[in-house]
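Notes for the structure review
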Amino acid sequence: MRIVVLPGDGIGPEIAAATSAVLRAASERFQLNVAIEEHAVGHDSLRLFGATVRPGLLEIVRAADGLILGPTATFDFKDEQSGEINPSKFFRKSLDLFANVRPARTYPGLHNRFGAFDLVVVRENTEGFYSDRNMEQGNGELLVTPDVAISLRRVTRHCCERIAKAACQLAMRRSKRLTIVHKANVLKIGDGMFLDICRATAGEFPGLAVDDILVDAMMAHVVRQPDRFDVIVSTNMFGDILSDLTAELSGSLGLGGSLNVGASHAMAQAAHGSAPDIAGRDVANPFSLILSMALLLAWHGERSGAARFESAARAIENAVAAAIGGGRATRDVGGQLGTAATGQAIVDILASNDNRPV
Ligand code: NAD
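All right, on to the overall build of the protein chain then. Scanning the protein chain from N- to C-terminus turns up eleven helices and twelve strands. Taking 358 residues into account, the globule formula puts the C-alpha radius of gyration at 21 Å, and the protein chain, at 20 Å, falls close to it. Over its C-alpha atoms, taken along the principal directions, the protein chain stretches across nearly 55 × 50 × 40 Å. By residue count, 55% of the 358 residues in the protein chain fall in the buried class. Counting only contacts in the protein chain whose residues sit at least 6 apart along the sequence, the fraction spanning at least 24 positions is 73%. Here the protein chain displays about 15,300 Å² of accessible surface, and carbon together with sulfur accounts for 53% of that area.

Take a look at the structure:
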């Protein structure tokens, strides 16, 4: 399995290094024969090649079996004509990674005020309110006068149907419960279409229990009783916001792993950003990217039929749980270790027998 790693900006290089170390250890332990290939992206790439995503990188990624993208400083990238491309958008659109799957669960030994839960946010990833990806040409944000801005949102039947189907299929593999999160009371056309399509799609899955909640009310419901939810499907921006909340509710945004999935490619990516406030201090939690990488291995295993990849993914998830339970983690999740030492703790657990299910 050839995996491309793009470390990114801010804490990206630190958490990517820990993730690559865990990937190498998992490869050895489960005989995955993984080859890691690292390239620059974001500010490093801008300095070296004049573009945050250099020409030719897409072809390298396309030819690989998976991509691990570290967080990038997207706020800094304002002018595509000057090479300032949002790498996250670039790969999601170019590889048509339409589903962003963002699990969030609590861990034994990690205090949380909201009770145990285990859920997945399935977020549409290719259109919606993200103005840099919802137009064939140009941008969905317009400055009409210096004092008037318009931001356009795109919602299409095709994208609603495929994200609804992906969420229903996942819900059927889990506990057969799906919650649709929307704002169809105000965005009557766009979110109305999304809601109708999600309901109709869910109707094709016998035994699937479906409810729907307005996105603003959802913020209260998920804090009040997170264990009420299993699979949650939403449009792009609502899903993005909601999944940062569910990651934080699980203990830390630094636990927020995610997989961007399309028909033939997948990209592991932490749910959070480049965290410049803690960059370079060896304090960032690498579990978000390590768990994302585990999702990528499981995806590859499912597609290729090679069970050892799924075994490796489970072992990594169990090792993260064991590390959290044993306090061998970063401070945001109750430990005392730095980023690199936390990655090493997972390597050590994988190498030992101490990776039973938690
Ligand atoms: P952020 O997600 O980077 O950070 C929010 C808070 O969470 C900060 O306090 C940060 O220190 C903390 N945090 C994030 N990841 C953590 C980790 N692994 N361990 C411990 N704490 C962690 O959001 P921001 O500061 O608003 O954004 C910073 C930059 O990241 C901006 O340029 C933004 O545009 C970009 N961004 C990129 C992505 C991406 O690459 N996918 C996603 C979101 C934001």
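Taken together, 19 residues are adjacent to the ligand, and Thr74, Gly273, Ala275, Asp277 and Asn285 come closest. Between the ligand and the protein, one listed contact pairs an oxygen atom with a side-chain N or O atom of Thr74 at 2.5 Å. In the environment of the ligand, an oxygen atom lies 3.0 Å from a nitrogen or oxygen atom belonging to the backbone of Ser274. Here the residues of the shell around the ligand sort into nine nonpolar, eight polar and two charged.

The next point concerns unusual backbone geometry. The phi angle at Asn33 is positive, at roughly 55 degrees, despite the residue not being glycine. Tracing the backbone shows Asn33 in the loop between helix H1 (12-30) and strand S2 (35-38).

This part covers the pattern of salt bridges. A full pass over the atoms with the stated rule returns 15 salt bridges. Of the charged contacts in the structure, one is a salt bridge between Asp96 and Arg162, with a shortest N-O distance of 2.9 Å. In this pair, Asp96 is assigned in the loop between helix H4 (87-94) and strand S4 (99-105) and Arg162 in helix H5 (residues 157-173), connecting sequence segments 66 residues apart. The exposure class of Asp96 is partly exposed, given its relative accessible area of 34%. Judged by its relative accessible area of 15%, Arg162 falls in the buried class. Its salt-bridge partner being Asp216, residue Lys183 comes within 2.8 Å of it at the nearest N-O pair. In this pair, Lys183 sits in the loop between strand S8 (177-182) and helix H6 (190-202) while Asp216 sits in helix H7 (residues 215-224), placing the two residues 33 residues apart along the sequence. Where salt bridges share partners, they join Arg102, Arg123 and Asp240 into one cluster.

Taken together, the buried positions of H7 are occupied by Val215, Met218 and Val222. With its buried residues spanning 30 degrees around the axis, H7 presents them on a single face. Where H7 is buried, its residues contact strand S5 (118-124), S8, strand S9 (209-214), strand S10 (231-234) and helix H8 (236-249).

It is at 9 Å that the axes of H1 and helix H11 (residues 339-351) come closest, and there the two elements cross at 10 degrees. When the axis of H1 is compared with that of H11, the two are roughly parallel. Residues Glu14, Ile15, Ala18, Ala21, Val22, Ala25, Ala26 and Arg29 of H1 form the contact with H11, whose participating residues are Thr339, Gly343, Ile346, Val347 and Leu350. Looking at side-chain class alone, the contact of H1 with H11 contains nine nonpolar, two polar and two charged residues.

Let us now look at the domain arrangement of the protein chain. Each assigned domain of the protein chain is listed with its residue range as follows: domain 1 (1-101 + 263-358) and domain 2 (113-249). If you average the C-alpha positions of domain 1 and of domain 2, the two centres end up 24 Å apart. On the domain 2 side, the residues contacting the eleven residues of domain 1 number 15 residues. Summed over both sides, the interface between domain 1 and domain 2 buries roughly 1,300 Å², with carbon and sulfur atoms accounting for 47% of that surface. The largest share of the area that domain 1 buries against domain 2 comes from Lys93, Phe98 and Asn100, three residues that together contribute 43% of it.

Moving on, we get to the side chain of Ser250. By the element assignment, Ser250 lies in the loop between H8 and strand S11 (259-261). Judged by its relative accessible area of 2%, Ser250 is buried.

The subject of this paragraph is a nonpolar patch on the surface. A grouping of Met135, Leu142, Val144, Val148, Ile150 and Leu152 is seen on the molecular surface, where their side chains present a nonpolar patch of about 460 Å² in accessible area. When residues of the nonpolar patch are traced back to their parent elements, those giving at least two are strand S6 (141-145) and strand S7 (148-151). Summarising the element assignment, Met135 is placed in the loop between S5 and S6.

If you look at the biggest cluster of nonpolar residues, it comprises 78 residues, and the most contacted ones within it are Leu178, Phe287 and Leu297. Here this core spans two domains, since at least three of its residues come from each of domain 1 (1-101 + 263-358) and domain 2 (113-249). Beyond its immediate sequence surroundings of up to four residues, Leu178 is in contact with Ala167, Cys168, Ala171, Ala202, Leu208, Ala209, Val210, Asp211, Val231 and Val233. Membership of the second largest hydrophobic core comes to 15 residues, among which are Val53, Leu67, Leu97 and Met267.

Parameters and conventions
Within each chain, residue numbers correspond to sequence positions counted from 1 in written order. Local features in this predicted model are restricted to residues whose pLDDT is 70 or higher, and side-chain atom pairs enter the listing and the counts only when it is 80 or higher, whereas totals over whole chains, interfaces and linings include all residues. Only hydrogens and water are removed before side-chain values are computed, so all heavy atoms of the structure are retained for them. Going along the chain from the N terminus, every DSSP run of H or I of four or more residues is numbered as a helix, and every run of E of two or more is numbered as a strand. We compute the radius of gyration from the C-alpha atoms alone; for a globule the expected value is 2.2 Å times N to the 0.38, where N is the number of residues. Each residue gets one of three labels from its accessible area relative to the maximum for its type: buried under 20%, exposed over 50%, partly exposed in between, using a 1.4 Å probe on protein chains only. Contacts are residue-level and defined by heavy atoms, with any inter-residue pair within 4.5 Å sufficient. A 1.4 Å probe and the Shrake-Rupley method give the accessible areas. Residues count as covered only by the protein chains that appear here. Whether a residue is near a molecule or strand depends on its heavy atoms: it is near if one of them lies within 4 Å of it. Pairs of N or O atoms are called polar contacts if they sit within 3.5 Å, as long as, within protein, a hydrogen donor faces a hydrogen acceptor (for residues adjacent in sequence, only side-chain-to-side-chain pairs). Here the nonpolar group is Ala, Val, Leu, Ile, Met, Phe, Trp, Tyr, Cys and Pro; Asp, Glu, Lys and Arg are the charged ones; every other residue, Gly included, is treated as polar. When a carboxyl oxygen of Asp or Glu lies within 4 Å of a side-chain nitrogen of Lys or Arg, that pair is called a salt bridge. What the arc describes is the spread of directions from the helix axis to the C-beta atoms. Note on geometry: axes are lines fitted to C-alpha atoms, helical ones only across the stretch in contact, with angles between N-to-C directions running from 0 to 180 degrees. Here roughly perpendicular refers to angles of 65 to 115 degrees, roughly parallel to angles under 35, roughly antiparallel to angles over 145, and oblique to all remaining angles. Residue ranges for the domains originate in an automatic or database domain assignment. Once two parts are brought into contact, the accessible area they lose, counted with a 1.4 Å probe and summed over both, makes up the buried area. Two joining distances apply to patches: 9 Å for like charges and 5 Å for nonpolar side chains (Val, Leu, Ile, Met, Phe, Trp, Tyr), and every residue must have over 30% relative accessible area and no salt bridge. Grouping buried Ala, Val, Leu, Ile, Met, Phe, Trp, Tyr and Cys residues that are joined through side-chain atoms within 4.5 Å yields what is termed a nonpolar core.

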